[in-house]
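Chain and residue survey
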Amino acid sequence: MKLDDYYQSGRTGLSFELFPPKTPAGEAALIKHVGALMEFHPDVITCTYGAGGSTQDKTLEVVRQVKQKFGVPVASHLTCVGSTKQQLRDYLDAASQQRVDYIVALRGDPPHGEKEFRPMPDGLSHANELVALIRSEYPHFGLAVGGYPEMHQEAPSPEIDLENLKRKVDAGADIVITQLFYNNEDFFSFRDRCDKIGLAVPLIPGILPATSYSQIQRLASLCGTNLPPRFVQALVDCEDDAERQFKIGVDYAIAQVNELVQQQVAGLHFYVLNKSQATSAVLAALERSETKR
Ligand code: FAD
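Let me sum up the structure you'll find in this document. (Residues numbered from 1 in each chain as written. Predicted model: local features only at pLDDT ≥ 70, side-chain atom pairs only at ≥ 80, totals over all residues. Heavy atoms only, no water.)

Looking at the site of the ligand
Lining the immediate surroundings of the ligand are 25 residues, of which D109, Y148, H152, D161 and K168 lie closest. R107 is positioned such that a nitrogen or oxygen atom in its backbone is 2.8 Å from an oxygen atom of the ligand. One nitrogen or oxygen atom from the main chain of A155 is found 3.4 Å from an oxygen atom belonging to the ligand. Its free accessible area being 970 Å², the ligand has 87% of it covered by the protein chains. For the shell around the ligand, the secondary-structure elements that each account for two or more residues are strand 3 (74–79), helix 4 (127–137), helix 5 (158–170) and strand 6 (175–180). The element best represented in the shell around the ligand is helix 5, accounting for four residues. Tallied by class, residues from the shell around the ligand come to eight nonpolar, eleven polar and six charged. (Near = heavy atom within 4 Å. Polar contact = N/O pair within 3.5 Å; in protein donor to acceptor, adjacent residues only side chain to side chain. Areas by Shrake-Rupley, 256 points an atom, 1.4 Å probe, with all protein chains shown as cover. Helix = DSSP H or I, 4+ residues; strand = E, 2+ residues; numbered from the N terminus. Nonpolar A, V, L, I, M, F, W, Y, C, P; charged D, E, K, R; others polar.)

Structure (structure tokens):
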């Protein structure tokens, strides 16, 4: 099935993003949590590549296991960090052999300790180049790219960031998955601006149900995401009560997702962080509400 087929009007596509666990215990727990999430019939499960220092070869192992155990289409993320074009091709060959269905094509962040992204000699500088390489040499892969409702941190302006996003779509991306955000208005305004420049692919909001103040603070600062002050204050007020923080984060995500679905987003991409509880609670509430996906 083509990747954009999951996001046709009248249905809300659903994807979950995992990361490669660092320990055998983490691997076993991951399979258990993915099993719990299968209740919600995801269209695609994706796994990050090299994010936060994770090892790259584990990505293919995670998607292989998920596809084998649950029979769900899978996507490997792939970044240009530290790779020549030939190394990217080697990875794409391995992904093809393993019957990975889709690729989330990214530039990646500079490695720890470096301020600027520097391409490898004979490497790629931007994600649009990776999209172009995959489209011309691996046309069987469906392709997603990243989008930034609040603008990518390195971009000189939202307009230029949007032009760069369009470059990725023009190079052949099928869908755009966004960075996490907590103000739906940021997403709606991004969607309007994408419409205005004729960016005609599904835009999938990235949702991270926050489960604690420390978690959300760390992730938001990594991605440059604005946090609504009242939401932050509510979490701070019960910083010693993990259960209460979880409930506040999940309730916030339920309200956020309900509104997104009411406003007919093409799909939902959950950053599940290898756990099922928060995402399951949000999706169960959505199923009970009038705004079913
Ligand atoms: P690009 O699209 O290349 O953009 C990077 C910057 O360069 C932007 O400021 C853009 O405006 C500018 N730019 C783009 N093209 C051009 C051009 N042709 N000329 C000049 N300027 C240009 N990171 C990981 O390490 N592993 C992952 O698995 C991972 N998964 C992610 C999944 C999603 C859905 C998202 C949204 C992000 C993910 N990231 C991941 C983070 C991502 O790698 C970083 O945000 C990175 O800094 C930018 O990647 P990009 O693909 O958006 O880059």
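Thoughts on the pairing of strand 3
Within a regular beta strand, the side chains point alternately toward one face of the sheet and then the other, so they alternate between its two faces. Across the six residues that make up strand 3, a large majority, six, are buried. Neither face of strand 3 is open: one carries V74, S76 and L78, the other A75, H77 and T79, and all of them are buried. Sheet topology note: the strand 2 (residues 44–47)/strand 3 ladder contains three bridges and is parallel. Residue T46 lies in a different strand from strand 3, and its bridge partner there is A75. Pairing between strand 3 and strand 4 (residues 102–106): five bridges, direction parallel. Each residue of the ladder has a partner; that of A75, found in strand 4, is Y102. (Buried < 20%, exposed > 50% of the residue type's maximum accessible area, 1.4 Å probe, protein only. Pairing = 2+ DSSP bridges.)

Looking at the environment of Q179
One can find Q179 in strand 6. Once the C-alpha coordinates of Q179 and Q256 are considered, the two residues, 77 residues apart in sequence, prove to be 15 Å apart. Q179 has contacts with G147, Y148, P149, G206, C223 and Y271, leaving out every residue within four places of it along the chain. (Contact = heavy atoms within 4.5 Å.)

Regarding the packing of helix 8 (residues 229–237) against helix 9 (residues 242–262)
Two elements in contact, helix 8 and helix 9, have axes whose closest approach is 9 Å; the angle formed by their N-to-C orientations is 160°. Judged by the angle between their axes, helix 8 and helix 9 are roughly antiparallel. Between helix 8 and helix 9 the crossing geometry is right-handed. Mapping the contact onto sequence places F231, A234 and L235 in helix 8 and Q245, I248, G249 and Y252 in helix 9. Split by residue class, the contact of helix 8 with helix 9 holds five nonpolar, two polar and no charged. (Axes fitted to C-alpha atoms, helices over the stretch in contact; angles between N-to-C directions. Parallel < 35°, antiparallel > 145°, perpendicular 65-115°, else oblique. Left-handed = near helix turned anticlockwise from the far one by under 90°.)

Re the sheet that holds strand 3
Taken together, eight strands build a closed barrel; the order of strands is 1-2-3-4-5-6-7-8 and the barrel is parallel. Across the sheet, the axes of successive neighbouring strands diverge by a mean angle of 25°, strand direction being ignored. Bridge analysis of strand 7 (residues 203–207) against strand 8 (residues 267–271) gives two bridges, and the strand direction is parallel. If you follow G206 over to strand 8, its bridge partner there is H269.

Structural measurements only, silent on function.
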